[in-house]
Amino acid sequence: MDADVSTEPRAPTGTHDVLWPESWRWEELTASFARQVERANYGLVVSPMFEYAEIFRRGIGVDSDVVGKEMYEFADRDGRVIALRPEGTASVARAFIERRPTIPWKAWYVTPAFRHERPQAGRYRQHHQLGVEVLGSADPELDIEVVTIAADFIEGTGVRKVELKVNSMGDATCRPAYVDRLREDLEKRKALLCDDHRGRIGGNPLRILDCKTAECQAAIEGVPKLVDSLCDPCAAHFRRFREGLDELGVSYTLDFRLVRGFDYYSRTTFEFTAHSIEAAQNAVGGGGRYDGLVEMMGGPPTPGIGFAIGIERLLLAASAEGTMHEHPPPPDAFVVDVVGGGAARGIVTELRRAGFRVDRAFDGRSMKAQMKLADRSGADVALIVGPEEQASGVVTVRTLRRHGGQCTVPRSGVVAEMHRRGHDGDE
Ligand code: AMP
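Residues numbered from 1 in each chain as written. Predicted model: local features only at pLDDT ≥ 70, side-chain atom pairs only at ≥ 80, totals over all residues. Heavy atoms only, no water.

### Some points on the overall build of the protein
Phase 1: Check the secondary structure of the protein and you find 16 helices and 16 strands.
Phase 2: When the backbone C-alpha atoms are referred to their principal axes, the protein occupies close to 90 × 60 × 40 Å.
Phase 3: The buried share of the protein, reckoned over its 427 residues, is 50%.
Phase 4: For the protein, the share of sequence-separated contacts (at least 6 apart) that also reach a separation of at least 24 residues comes to 70%.
Phase 5: Within the structure as shown, the protein displays about 21,300 Å² of accessible surface, and the carbon and sulfur contribution to it stands at 50%. (Helix = DSSP H or I, 4+ residues; strand = E, 2+ residues; numbered from the N terminus. Buried < 20%, exposed > 50% of the residue type's maximum accessible area, 1.4 Å probe, protein only. Contact = heavy atoms within 4.5 Å. Areas by Shrake-Rupley, 256 points an atom, 1.4 Å probe, with all protein chains shown as cover.)

Encoded structure:
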């Protein structure tokens, strides 16, 4: 169905524009994430927003909701089946296989993710993720590092009502036998499961543990837990992971239902749940170990672990808790030019090159209109050039915020005057 072009254009359902100053929070979040992960020696990876659909089918699994029901797929003009990235990990694993960076490869990213979900508050068809992936080490110390980075980042935003849940999904040695036992057990409870899952016990029964419906949640009370049937190496890994978190003071709860929706997870899984936002959309981030993923995608056996945090969700939680409400800094100065605009051009350029935040008016507006704009911009001072100033080679500096009055400075002394007034600049 084509969009109706007779009305005003609208963003596609489930997508949204983020305009300034709201986008300031996005800048802050991304910058603080970059600072946090780069302190731990993670490097930015930028990879395509779309891949051959096969990458996600093999990596995430065709019976996952994300691939089976929600992926944006289309044939491009060459007839290749392309998919918009529904999450970040499979692309990073593909890039690893193709480029073979030295291991352990510690990468971070910020990316949109596309899922054809039913839109509601906190659930979009394009959302945005901040994430890390580490490829090439199975050391539980890495699980501790990755979870601690995520926990510290969330804490740094001021969001406090967040619960870290952890679990272990075991590995190819211990999980299959557990899955069989779980399937048998669920068969007995079949009638109690939700409509969607009643007929799906034969598929991946782990998904039922993760089902959010009241029916499934009640039905799984008392089912066997995977943490109780881990093989020795998986149990040792999980123990070390938890001891590490305890030692660092990172608090968490054990949640046997936390199996996460993708096929590629093994051993450690974790999720951050925000209690300040609506229950159905309260996962602000999550991740885990995926030791089989790279091999499953056709690369050499390479363990890996990562997480992704949803920017929109974290900002929802921040708003609900009243944190991250800083406003973007206003300009240091606003240049008012009523002599044709050329004077403003010179002054703003000189000040910007010196590191100041400076704005100006356009379209030859009146003095009154420009002063109004200067006021509205929140700038500390207006730098005014009228015919008299121009004739005597000076600029009037009028303080806007405080009761500061005004003075004149030589045109050549504007940068020095701004420094004198204590604005940052780069000097
Ligand atoms: P996932 O890859 O499903 O673990 O998602 C990682 C994080 O992205 C989640 O914890 C959410 O914070 C966020 N997220 C996932 N799906 C959506 C969505 N449809 N809309 C908004 N945020 C989402």
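### Quick look at the domain arrangement of the protein
Phase 1: Each assigned domain of the protein is listed with its residue range as follows: domain 1 (22-174 + 230-321) and domain 2 (333-420).
Phase 2: Measuring from the centre of the C-alpha atoms in domain 1 to the corresponding centre in domain 2 gives 48 Å. (Domains from an automatic or database assignment.)

### As for helix H5 (residues 140-156)
Phase 1: The end-to-end C-alpha distance of H5 is 24 Å, a good match for the 24 Å that 17 residues give at a rise of 1.5 Å each.
Phase 2: Counting buried residues along H5, 12 of its 17 residues qualify, which places the element largely inside the surrounding structure.
Phase 3: Those residues of H5 lying buried are Pro140, Leu142, Asp143, Ile144, Val146, Val147, Thr148, Ile149, Ala150, Ala151, Phe153 and Ile154.
Phase 4: Residue aspartate 139 occupies the N-cap position of H5, its side-chain oxygen lying 2.8 Å from the main-chain nitrogen of glutamate 141. (Expected span 1.5 Å × (residues − 1). Polar contact = N/O pair within 3.5 Å; in protein donor to acceptor, adjacent residues only side chain to side chain.)

### Quick word on the pairing of strand S5 (residues 105-114)
Phase 1: Burial analysis of S5 places 9 of its 10 residues in the buried class, which makes it a mostly covered element.
Phase 2: Judged from the 10 bridges that link them, S5 and strand S6 (residues 126-135) form a sheet pairing that is antiparallel. Bridge pairing links tyrosine 109 to glycine 131 in S6. (Pairing = 2+ DSSP bridges.)

### Considerations on the packing of aromatic side chains
Phase 1: Scanning the entire structure with this criterion turns up 6 aromatic pairs.
Phase 2: Measuring from centroid to centroid gives 5.9 Å for phenylalanine 33 and tryptophan 108, while their planes differ by 65°, and the two rings are edge-to-face. Taken together, the positions of phenylalanine 33 in helix H1 (residues 22-39) and tryptophan 108 in strand S5 put the pair 75 residues apart, joining distant regions of the chain. Note on accessibility: phenylalanine 33 and tryptophan 108 belong to one class, buried.
Phase 3: These aromatic residues form a ring-pair network of at least three members: Phe33, Trp108, Phe153 and Phe307. (Phe/Tyr/Trp six-rings, centres within 6.5 Å; stacked < 30°, edge-to-face > 60°.)

### Here we look at the packing of H5 against helix H10 (residues 232-248)
Phase 1: Here H5 crosses H10 at 40°, and the two axes come no closer than 9 Å. With respect to their mutual orientation, H5 and H10 come out oblique. As for the relative orientation of H5 and H10, their crossing is right-handed in sense. Between H5 and H10, the residues in contact are Pro140, Glu141, Asp143, Ile144, Val147 and Thr148 and His237, Arg240, Phe241, Gly244, Leu245 and Leu248, respectively. (Axes fitted to C-alpha atoms, helices over the stretch in contact; angles between N-to-C directions. Parallel < 35°, antiparallel > 145°, perpendicular 65-115°, else oblique. Left-handed = near helix turned anticlockwise from the far one by under 90°.)

### Comments concerning the sheet that holds strand S16 (residues 406-410)
Phase 1: Overall, mixed pairing links the 5 strands, which are arranged S13-S12-S14-S15-S16 in an open sheet. Of all the strands in the sheet, just strand S13 (358-360) and S16 have a single pairing partner and so form its edges. Put simply, the sheet's adjacent strands are angled 25° from each other on average, direction ignored.
Phase 2: As judged from the 4 bridges shared by strand S14 (residues 381-385) and strand S15 (residues 394-399), these two strands associate in the antiparallel manner. Paired with isoleucine 384 across the two strands is threonine 396, which belongs to S15.
Phase 3: Along the sheet face, helix H13 (residues 342-353) touches strand S12 (333-337), S13, S14 and S15 and points at about 165° away from the line of S13.
Phase 4: Along the sheet face, helix H14 (residues 367-377) touches S12, S14 and S15 and points at about 175° away from the line of S12.

### With respect to the nonpolar core
Phase 1: Counting residues in hydrophobic clusters, the biggest one holds 89 residues, and the most contacted among them are Tyr42, Leu164, Leu245 and Phe307.
Phase 2: The leading source of residues in this core is H5, at 9 residues.
Phase 3: Non-local contacts of leucine 164, meaning those with residues more than four positions away in its chain, are made with Val147, Leu245, Val250, Ser251, Tyr252, Thr253, Phe270, Glu271 and Phe272.
Phase 4: With 18 residues, the next largest nonpolar core counts Ala344, Val348, Leu351 and Val381 among its residues. (Core = buried A, V, L, I, M, F, W, Y, C linked by side-chain atoms within 4.5 Å.)

### Some points on the pattern of salt bridges
Phase 1: Counted by the stated rule, this structure contains 24 salt bridges.
Phase 2: The salt bridge involving aspartate 291 is made with arginine 289; its shortest N-O contact spans 2.8 Å.
Phase 3: The buried category is assigned to arginine 289, whose relative accessible area is 0%. (Salt bridge = Lys/Arg side-chain N within 4 Å of Asp/Glu carboxyl O.)

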